[in-house]
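# Architecture and fold: a report
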Amino acid sequence: MDKLIKVGVVGFTGYTGSELIRLLLNHIHVKISMVFSRSESGKRLSNFFPELKSTQDLIITNELLVDCDVIFLCLPHGQSKLFIEENQLLKKCGHIIDLSADYRQNLDIFKYGFVESHILRKTPGSHIAVPGCFATAIQLGLLPFVLQQSILSSIHITGVTGSTGAGAHLSETSHFSWRNDNMSVYKAFQHQHLEEIYFNFKTIHQSKIPEIFFVPMRGCFSRGILVSMYFQTNFSLEEANRIFDEYYQKSLFVKRTQEVHLKQVVNTNNAYIQVDKYKDQLHLVVAIDNLLKGASGQALENMNLLFNLPQDAGLKLKASMY
């Protein structure tokens, strides 16, 4: 691609915004034309990320450049919609990729950017709502079997996420002295990503989805998601592996492995999935990095597809295993 993609980023001090900046600075087809903030205008990015002083420092602006080819919104949930309405971005901006939950169930305006459900459909739409991190991990495991209508029971899921999943703003349960050497359950059976999962599966499958019982947990580590789930099926393990492998044969990032752990995927855009069978229960274990495949990495995948770039452009990352 001869012409660089002009990119704008709105919101950069949170974890997803920070990760997106890191990915974009190393993307050979991208030029960051705007980093927007009303409160931090005139400062340099190196004021927030000192490591950029010796590389690619940028000046933060409060002037919204709508001539960007794509604008990423890395704002807290509830603020993206307000920002778009206040600045009439839908009328002025060519492409918007939103990392919040504001448009994930508004298909009239945004397309749900769950990349793996679009592998065979080529590129997503003009405006993209990036899926949530738990929603991504859970759907990656379930999708091939939902489409095969092979799930014969309720789905039982336990998932543990790192402290970055709670966002950059300090709270009691994200404080080091609380998280360290500690685990806890939160939002049992009521996590907000459940509604998102049901909505997307109904959209792509057009039928009733089995009930999902999801228990999320806070882990004593900073980043990553590990999900364990099981359900009844008549498929043998060999048939389940074949279904999984056939569906993901064109995927660059989703791989079936014999054993799954977080260090395989943290700091990468990969999703590793283990498929196993116990009696009539199919057991899936999924590991992703919540800030990459679960947020900024998947956002970059959507941009690559939007501009007909290689899907893994800027995302060829090795896990930091040590």
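Going by the structure above, here's the rest.
In what follows, the accompanying structure is described. (Residues numbered from 1 in each chain as written. Predicted model: local features only at pLDDT ≥ 70, side-chain atom pairs only at ≥ 80, totals over all residues. Heavy atoms only, no water.)

## Brief notes about the overall build of the protein chain
On a plain count of helices and strands, the protein chain comes out with 8 helices and 13 strands. Computed over C-alpha atoms, the radius of gyration of the protein chain comes to 19 Å, within 12% of the 20 Å expected from 2.2 N^0.38 for 322 residues, which places it in the range of a compact globule. Principal-axis analysis of the C-alpha atoms gives the protein chain an extent of 60 × 45 × 35 Å. The 322 residues of the protein chain split such that 52% are buried. Counted over contacts in the protein chain with a minimum sequence separation of 6, partners at least 24 positions apart contribute 74%. When the accessible surface of the protein chain is totalled, it reaches about 15,000 Å², and 50% of it is carbon and sulfur. Side chains of the protein chain carry 31 positive and 29 negative charges; the gap between the two charge centres is 2 Å. (Helix = DSSP H or I, 4+ residues; strand = E, 2+ residues; numbered from the N terminus. Rg over C-alpha atoms; globule rule 2.2 N^0.38 Å. Buried < 20%, exposed > 50% of the residue type's maximum accessible area, 1.4 Å probe, protein only. Contact = heavy atoms within 4.5 Å. Areas by Shrake-Rupley, 256 points an atom, 1.4 Å probe, with all protein chains shown as cover. Lys, Arg positive; Asp, Glu negative; His and termini not counted. Charge placed at Lys NZ, Arg CZ, Asp CG, Glu CD.)

## Some remarks on the side chain of Thr164
Mapped onto the elements, Thr164 comes out in the loop between β7 (155-161) and α5 (176-179). Reaching out from Thr164, the side chain makes a polar contact with the backbone oxygen of Ser222 at a distance of 2.6 Å. Polar contacts involving the side chain of Thr164 include one to the side chain of Asn290, which spans 3.0 Å. Ignoring sequence-local partners within four residues, the contact set of Thr164 consists of Tyr15, Ser222, Arg223, Asn290 and Leu291. (Polar contact = N/O pair within 3.5 Å; in protein donor to acceptor, adjacent residues only side chain to side chain.)

## Notes on the packing of helix α4 (residues 133-147) against helix α8 (residues 292-306)
For the pair α4 and α8, interaxial distance at closest approach is 8 Å and the crossing angle is 100 degrees. As the angle between them shows, α4 and α8 are arranged roughly perpendicular. Where α4 approaches α8, its residues Cys133, Thr136 and Leu140 are matched on the opposing element by Lys293, Gly294 and Gln298. (Axes fitted to C-alpha atoms, helices over the stretch in contact; angles between N-to-C directions. Parallel < 35°, antiparallel > 145°, perpendicular 65-115°, else oblique.)

## Quick look at helix α7 (residues 237-247)
Those residues of α7 that fall on the buried side of the exposure criterion are Ala240, Asn241, Ile243 and Phe244. Along the axis of α7, the buried residues cluster in a sector spanning 160 degrees; they form a single face. Taken together, the buried residues of α7 touch α4, β11 (254-256), β12 (271-278) and β13 (281-288). (Arc of directions from axis to C-beta.)

## A closer look at the packing of α4 against α7
Here α4 crosses α7 at 105 degrees, and the two axes come no closer than 10 Å. When the interaxial angle is binned, α4 and α7 end up roughly perpendicular. On the side of α4, the interface is formed by Leu143, Pro144, Phe145 and Leu147, while α7 contributes Ala240, Ile243, Phe244 and Tyr247. Tallied by class, residues from the contact of α4 with α7 come to 8 nonpolar, no polar and no charged. (Nonpolar A, V, L, I, M, F, W, Y, C, P; charged D, E, K, R; others polar.)

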